[in-house]
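Spelled out, the chains give:
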Amino acid sequence: MSEPENDTDQECDTVAGYEFPAGEITMTLSLDYIRKKLGWCPYAKTMNTSPPVISTPPVTFHPEPPGPGAGGSGRIGRGVTLALGSFRILYRNRQLLWFSLLTGIVMLLSIASNLYLQYLSGAALFPGTNLIPGPASVVIAAGSLPWIAVIFISGLVYAFLTYYLLAALITCVSIILSGRVATMRDGFANARKYITPLLTWAVIGAFIGTLSSSVSNPSTTSNGLPGNFGIIILSLVIIAVFYLLTMFVIPLIVLGNESLVHTISHSISLFRRLWGEIIACFLILLLIAFAVMFISLIPMIAIGFSTGTAGAIAVAYMLVMIVLLFVGSTIYGIAITGLYSFGKNGTLSAMFEGKQVGVGYV
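Throughout this document, residue positions are counted from 1 along each chain, in the order its sequence is written. Note on the predicted model: pLDDT of at least 70 is required for a residue's local features to be given, and 80 or more for side-chain atom pairs to be given and counted; whole-chain, interface and lining totals, by contrast, use all residues. Note: side-chain values were computed over all heavy atoms of the structure, leaving out hydrogens and water.

Draft legend 1. Up close: helix 3 (residues 97-120). Each helix is a run of DSSP H or I of at least 4 residues and each strand a run of E of at least 2, with the numbering of both proceeding from the N terminus. The span you would expect from a helix comes to 1.5 Å times its residue count less one. The end-to-end C-alpha separation of helix 3 is 35 Å, in line with the 34 Å expected for 24 residues at 1.5 Å each. Throughout, exposure labels follow a simple rule: accessible area from a 1.4 Å probe, protein chains only, divided by the maximum for the residue type, with under 20% read as buried, over 50% as exposed, and the rest as partly exposed. Among all positions of helix 3, only Phe99, Ser100, Thr103, Gly104, Val106, Met107, Ser110, Leu117 and Leu120 are buried. Immediately downstream of helix 3, the backbone of Gly122 shows phi near 85°, a positive value.

In structure tokens form, the structure reads like this:
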């Protein structure tokens, strides 16, 4: 029997009993059987059949933190928390009500000055009634240059005092939210640093208010409707936009230490991010105010019908509205401070959720 060639490429599909090269033992029958059935050849060249390794560049995920405007239900929940938390913070820091008193005094002085100017211009103080009519001779004609000057000056004084008090209140609330002790002196001292931008913003507000009063002068009427009705609507829109901007312009000036030009663009940016929280927050505040007014009206009406003192009941109801307006000005300052803080930091202060942080009481 010839000796098989020592070649690793030799055929392996022979029958059982194949004689292996010299020096090797003969395959057993069982191994030979497995070889024939499975087609396995011990002399076949080894073929690398492992799948090729594909080098994949590593992927790094940068999860974007949820912004203030993420989620409709989240917006509503934060707005409700801000509204209710503002009441809670005011209750725990009742000395903040001094700002309500000061702001209320400024409001009353502004109303009194406007009524007196209306009286001097010969117009009825309460249109449709004969209560306190104007003088027989007009002292200052409505729409005249002196009338416009008085309107502008009174509006400027009212706007500046209001913004100054709001800036001091925002400072105190910001200190409280950080867990520190705040005093009214701290608030006024910090607001005093920003008199120039606050006064500039007050000048803009007074100019817009004077312009609106001029175009809505009742003397410029035609067929029962103002002849410049479109201009009046436009002026009302401008006033609304101005007051909406003021909501964040004052915190940006006092807390952000930014210039007046930059505060306008940043205020618009904050509105775009927090519009849901703003609507939810102030809607809840309005609902609470309406509920308080309605609840207080019920016993007043009952007492008025039983005693016949309708006039006294009306006066008492007006006093309730004035108190709500005064207190509401402070709650407004607390709410916009929380909105500003959330818009800048992305986190809501734990105090709005009822948690105490430090000893930050006024």
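Draft legend 2. Structural view of a nonpolar patch on the surface. Together, Leu108, Ile111, Val315, Leu319 and Ile322 make up an exposed nonpolar region whose accessible area comes to about 420 Å². Of all the secondary-structure elements, those providing two or more residues to the nonpolar patch are helix 3 and helix 9 (310-345). With three residues, helix 9 is the single largest residue contributor to the nonpolar patch. Within the secondary structure layout, Ile111 lies in helix 3. In this structure Ile111 comes out as partly exposed when scored by relative accessible area, which is 47%. Patches here are clusters of residues that have more than 30% relative accessible area and form no salt bridge, with a 9 Å joining cutoff for like charges and a 5 Å cutoff for nonpolar side chains (Val, Leu, Ile, Met, Phe, Trp, Tyr). Each accessible area value is a Shrake-Rupley result obtained with a 1.4 Å probe; residue values ignore everything except the protein chains displayed when judging cover. Salt bridge criterion: a side-chain nitrogen from Lys or Arg within 4 Å of a carboxyl oxygen from Asp or Glu.

Draft legend 3. The arrangement of unusual backbone geometry in detail. The phi dihedral of Asn257 is positive, around 55°, even though this residue is not glycine. In this structure, Asn257 sits in the loop between helix 7 (229-254) and helix 8 (260-307). Look at Asn257 and you get exposed, because its relative accessible area is 56%.

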